[in-house]
Amino acid sequence: MTKRVGLCSTTFSRFDMASAAKEQIQQQVTGVKFIESYVPGVKDLPVAAKKLIEEEKCDIVMAFGMPGGEKIDKLCAHEASTGLIQAQLMTNTHILEVFVHEDEGYDDKDLKQLAYNRATQHADNLVKMLFKPDQMKREVGKGIREGRENKGAL
């Protein structure tokens, strides 16, 4: 059965994380139909993700954003994150939040690599959630993170 995957991206982002995630998913599984949506910024992601679920019947959504590094940007990202959580609860559907803050990168090259890593590693999580839940179970408690090095188990 074909799974419907929503990819919602912001024009404010400085890297196309959705394309990286889509390619990563396509390299691992077949039977996926991608439905894409585009919005200006992170605060627009919750309603766009909810629409992908309710109107496009997506089984899961990835929401990509790159908030700036200023205090107001952190606040906007928090509000967007809260909205994504609310949309998940309202629809009983997972929305994988893939945010990379501009100030997370040491320089532009590192920021681009971080955005790529976070997008593709969250794409790996999506594949596990939809197609390989036993693999996700084996990773519990391993200190795995997306974007940077894993923390490791205690």
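What you see is a predicted model; the values in this text were computed from it and never measured.

What counts, and at which threshold
Numbers given to residues run from 1 along each chain, matching the order in which its sequence is written. A pLDDT threshold of at least 70 governs which residues receive local features in this predicted model, and a stricter bar of 80 or more applies before side-chain atom pairs are shown or counted, although totals over entire chains, interfaces and linings include all residues. No hydrogens and no water enter the side-chain calculation; it runs on all heavy atoms of the structure. Here the rule is simple: two strands pair whenever DSSP picks up at least two bridges between them. Strands are runs of DSSP state E lasting at least 2 residues, helices are runs of H or I lasting at least 4, and numbering of each runs from the N terminus. Only C-alpha atoms enter the line fits that serve as axes; for helices the fit covers just the stretch in contact. Angles between N-to-C directions range over 0 to 180 degrees. Think of it in three bands: residues with accessible area under 20% of the maximum for their type are buried, residues over 50% are exposed, and the middle band is partly exposed, with areas taken using a 1.4 Å probe on protein chains only. When checking whether two residues touch, look at their non-hydrogen atoms; a contact exists if any pair is within 4.5 Å. In what follows, a disulfide is any cysteine sulfur pair within 2.5 Å. When an angle is under 35 degrees it counts as roughly parallel; over 145 it counts as roughly antiparallel; between 65 and 115 it counts as roughly perpendicular; any other value is oblique. Two helices cross in a left-handed way if the nearer one is turned anticlockwise from the farther one by less than a right angle. They cross in a right-handed way if the turn is clockwise. The nonpolar class holds Ala, Val, Leu, Ile, Met, Phe, Trp, Tyr, Cys and Pro. Asp, Glu, Lys and Arg form the charged class, and all remaining residues, Gly among them, are polar.

Visitor: Where do I start with the sheet that holds strand β2 (residues 32-39) in this structure?
Guide: Strands pair in a sheet through their backbones, by hydrogen bonds, and they do so in one of two ways: parallel or antiparallel. The four strands lie next to each other as β2-β1-β3-β4, forming an open sheet whose pairing is parallel. Taken across any chain shown, the strands that pair with only one partner, and hence form the sheet edges, are β2 and β4 (95-99). Direction aside, the axes of adjacent strands within the sheet are offset by 15° on average. Here strand β1 (residues 3-10) runs beside strand β3 (residues 60-65); their pairing, made up of four bridges, is parallel. Opposite L7, over in β3, you have M62 as the bridge partner.

Visitor: Got a minute to help me understand the environment of A63 in this structure?
Guide: Summarising the element assignment, A63 is placed in strand β3. Residue class for A63 comes out buried when judged on its relative accessible area of 0%. Between the C-alpha atoms of A63 and A18, which are 45 residues apart in sequence, the distance is 8.4 Å. When neighbours within four sequence positions are excluded, A63 is seen to be in contact with C8, L45, L84, I95, L96, E97, V98 and F99.

Visitor: Looking at this structure, how should I read the state of the cysteines?
Guide: Chemically, a disulfide is nothing more than a covalent bond linking the sulfur atoms of two cysteines. Per the counting criterion, the structure on display carries zero disulfides. Here C58 stays free of any disulfide, with the sulfur of C8 as its closest cysteine sulfur at 10.0 Å. For C58, a relative accessible area of 5% corresponds to the buried category. The structure places no disulfide on C76, whose sulfur is separated from the nearest cysteine sulfur, that of C8, by 16 Å.

Visitor: Explain the packing of helix α1 (residues 17-28) against helix α4 (residues 108-131) here, please?
Guide: Axis angle and axis distance: for two packed helices, these are the angle between their axes and the distance between the axes, and together they describe the pair. For the pair α1 and α4, the least separation of the axes is 8 Å and the interaxial angle reads 40°. The orientation of α1 relative to α4 falls into the category oblique. In the crossing of α1 with α4, the sense of the turn from one axis to the other is right-handed. On α4, the residues that touch M17, A20, A21, Q24, I25 and Q28 of α1 are A115, Y116, A119, T120, A123, D124, L126 and V127. When its residues are assigned to classes, the contact of α1 with α4 shows 10 nonpolar, three polar and one charged.

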